[in-house]
Amino acid sequence: MATESADDILRVIIKCINFAAIKHKNQRRKDPEQTPYINHPIGVAKILTEEGNVQDVNIIQAALLHDTVEDTETSFEEIEDEFGSTVCQIVKEVTDDKTLPKAERKRLQIEHAPASSPGAKLVKLADKLYNLRDLERVPPQGWSAERVQEYFNWAQKLLMASEAQTKI
Ligand SMILES: Nc1nc2c(ncn2[C@@H]2O[C@H](COP(=O)(O)OP(=O)(O)O)[C@@H](OP(=O)(O)OP(=O)(O)O)[C@H]2O)c(=O)[nH]1
Ligand SMILES: [Mn+2]
């Protein structure tokens, strides 16, 4: 928010990092080094600030929190109570329904991409960019070359779907 002071912004960003770190504390990435999962949401937020020049603090908060509901015991109510409805709405838009089969989740991401909000598109695309770079660095344990290639193909489809109807 434009009216927020630098102190407020700093406080809320540290609050988000702390919240996400606690929620993801037992989770590791799928790489052979089992990197702590928190490196991912922090890296996604950094792509947006450093490479995307994103200055909207709500979008950066949503990036830091983007996998908490999908991957940990976190509810949208908790996100809304702690960080407000704007942040919660973006997190909702980028959260997959993990009760659905994977192919359906991936299909729905593409179906929902065109009409997503600009903030959700930014978080989603930074998320994909981080994951693609991670795949290039070292594939997750057990992933074949075909599976890696499939993720690249799907990410490209998602990017093209996100470009449609964009009013950024
Ligand atoms: N490249 C890579 N990805 C890893 C690693 N560890 C965990 N992941 C996560 O795995 C997900 C991609 O793997 P998939 O097999 O396609 O999806 P799934 O885990 O949801 O079933 C991403 O979830 P996501 O961020 O929720 O994005 P999405 O692709 O599911 O939308 C990504 O963050 C890793 O070491 N490298
Ligand atoms: Mn993610």
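Residues numbered from 1 in each chain as written. Chains lettered and ligands numbered in written order. Predicted model: local features only at pLDDT ≥ 70, side-chain atom pairs only at ≥ 80, totals over all residues. Heavy atoms only, no water.

- Taking an unreviewed UniProt entry as the reference, the protein chain is identified by name as Guanosine-3',5'-bis(diphosphate) 3'-pyrophosphohydrolase MESH1 belonging to Diploptera punctata.
- Per its UniProt entry, the protein chain bears the Cofactor (unreviewed entry) comment "Mn(2+)".
- Heading Catalytic activity (unreviewed entry) of the UniProt record for the protein chain holds this comment: "guanosine 3',5'-bis(diphosphate) + H2O = GDP + diphosphate + H(+)". (UniProt positions renumbered as here; feature names shortened; annotations may be inferred.)

### Notes on the environment of Asp 56
Step number 1: Along the polypeptide, Asp 56 turns up in the loop between helix H2 (39-51) and helix H3 (57-65).
Step number 2: Taking relative accessible area as the criterion, Asp 56 reaches 33% and is therefore assigned partly exposed.
Step number 3: Along the sequence, Asp 56 and Arg 105 sit 49 residues apart, while their C-alpha atoms lie 28 Å from each other. (Helix = DSSP H or I, 4+ residues; strand = E, 2+ residues; numbered from the N terminus. Buried < 20%, exposed > 50% of the residue type's maximum accessible area, 1.4 Å probe, protein only.)

### Description of the layout of surface pockets
Unfilled space is identified by rolling a water-sized probe across the atoms.
Step number 1: In this structure, the largest pocket occupies an estimated 870 Å³ of space.
Step number 2: Lys 30, Lys 106, Asn 131, Trp 143 and Tyr 151 are, among the 34 residues lining the largest pocket, the residues nearest its centre.
Step number 3: Elements with a contribution of two residues or more to the lining of the largest pocket: helix H4 (68-71), helix H7 (102-112), helix H8 (118-137) and helix H9 (145-163).
Step number 4: Looking at which element gives the most residues to the lining of the largest pocket, the answer is H8, with seven residues.
Step number 5: Reported here for the second largest pocket is a volume of approximately 250 Å³.
Step number 6: Taken together, the elements giving at least two residues each to the lining of the second largest pocket come down to H7, H8 and H9.
Step number 7: Take the lining of the second largest pocket: its biggest share by element is four residues, from H7. (1 Å grid on protein atoms, 1.4 Å probe; cavity = no way out; pocket = protein on both sides within 12 Å on 5 of 7 lines; lining within 4 Å. Points joined across faces, edges and corners; volume = space filled by probe spheres on them.)

### Some points on the site of ligand 1
Step number 1: Close contacts around ligand 1 come from 22 residues, with Lys 30, Lys 102, Lys 128, Arg 147 and Tyr 151 the closest.
Step number 2: A distance of 3.2 Å separates an oxygen atom of ligand 1 from a polar backbone atom of Asp 31.
Step number 3: Taking Arg 147, its side chain carries an N or O atom lying 2.6 Å from an oxygen atom of ligand 1.
Step number 4: Burial of ligand 1 by the protein amounts to 92% of the accessible area it has alone, namely 670 Å².
Step number 5: In a pocket analysis with a 2 Å cut-off to the grid points, ligand 1 is assigned to the largest pocket.
Step number 6: Among the secondary structure elements, those contributing two or more residues to the shell around ligand 1 are H7, H8 and H9.
Step number 7: Residue contributions to the shell around ligand 1 peak at six residues, all from H8.
Step number 8: A breakdown of the residues in the shell around ligand 1 according to their chemical character gives six nonpolar, three polar and 13 charged. (Near = heavy atom within 4 Å. Polar contact = N/O pair within 3.5 Å; in protein donor to acceptor, adjacent residues only side chain to side chain. Areas by Shrake-Rupley, 256 points an atom, 1.4 Å probe, with all protein chains shown as cover. Sits in = over half its atoms within 2 Å of the grid points. Nonpolar A, V, L, I, M, F, W, Y, C, P; charged D, E, K, R; others polar.)

### Here we look at the coordination of the manganese ion (ligand 2)
Around a metal, the idealised angle for a tetrahedral arrangement of four donor atoms is 109.5 degrees; for an octahedral arrangement of six donor atoms it is 90 or 180 degrees.
Step number 1: Only His 40 (NE2), His 66 (NE2), Asp 67 (OD) and Asp 127 (OD) from the protein reach the manganese ion (ligand 2) as donors, at distances of 2.2 to 2.3 Å.
Step number 2: Positions of the donor residues of the manganese ion (ligand 2), expressed as sequence spacing, correspond to H-x25-H-D-x59-D. On the criterion of sequence distance, the pair formed by Asp 67 in the loop between H3 and H4 and Asp 127 in helix H8 is long-range, its members being 60 residues apart.
Step number 3: We classify Asp 67 as buried; its relative accessible area is 5%.
Step number 4: Judged by its relative accessible area of 6%, Asp 127 is buried. (Donors = N, O, S within 2.8 Å, 3.2 Å for Na, K, Ca; no water.)

### Regarding the nonpolar core
Step number 1: Formed by 28 residues in total, the largest nonpolar core has its most connected members in Leu 48, Leu 65, Ile 79 and Val 123.
Step number 2: When contributions to this core are tallied by element, the ones reaching two or more residues are helix H1 (6-23), H2, H3, helix H5 (76-83), helix H6 (85-93) and H8.
Step number 3: Counting residues per element, this core draws most heavily on H3, at seven residues.
Step number 4: Dropping the residues within four chain positions of it, Ile 79 is found in contact with Phe 19, Leu 65, Thr 68, Val 69, Thr 74, Gly 84, Val 87, Cys 88 and Val 91. (Core = buried A, V, L, I, M, F, W, Y, C linked by side-chain atoms within 4.5 Å. Contact = heavy atoms within 4.5 Å.)

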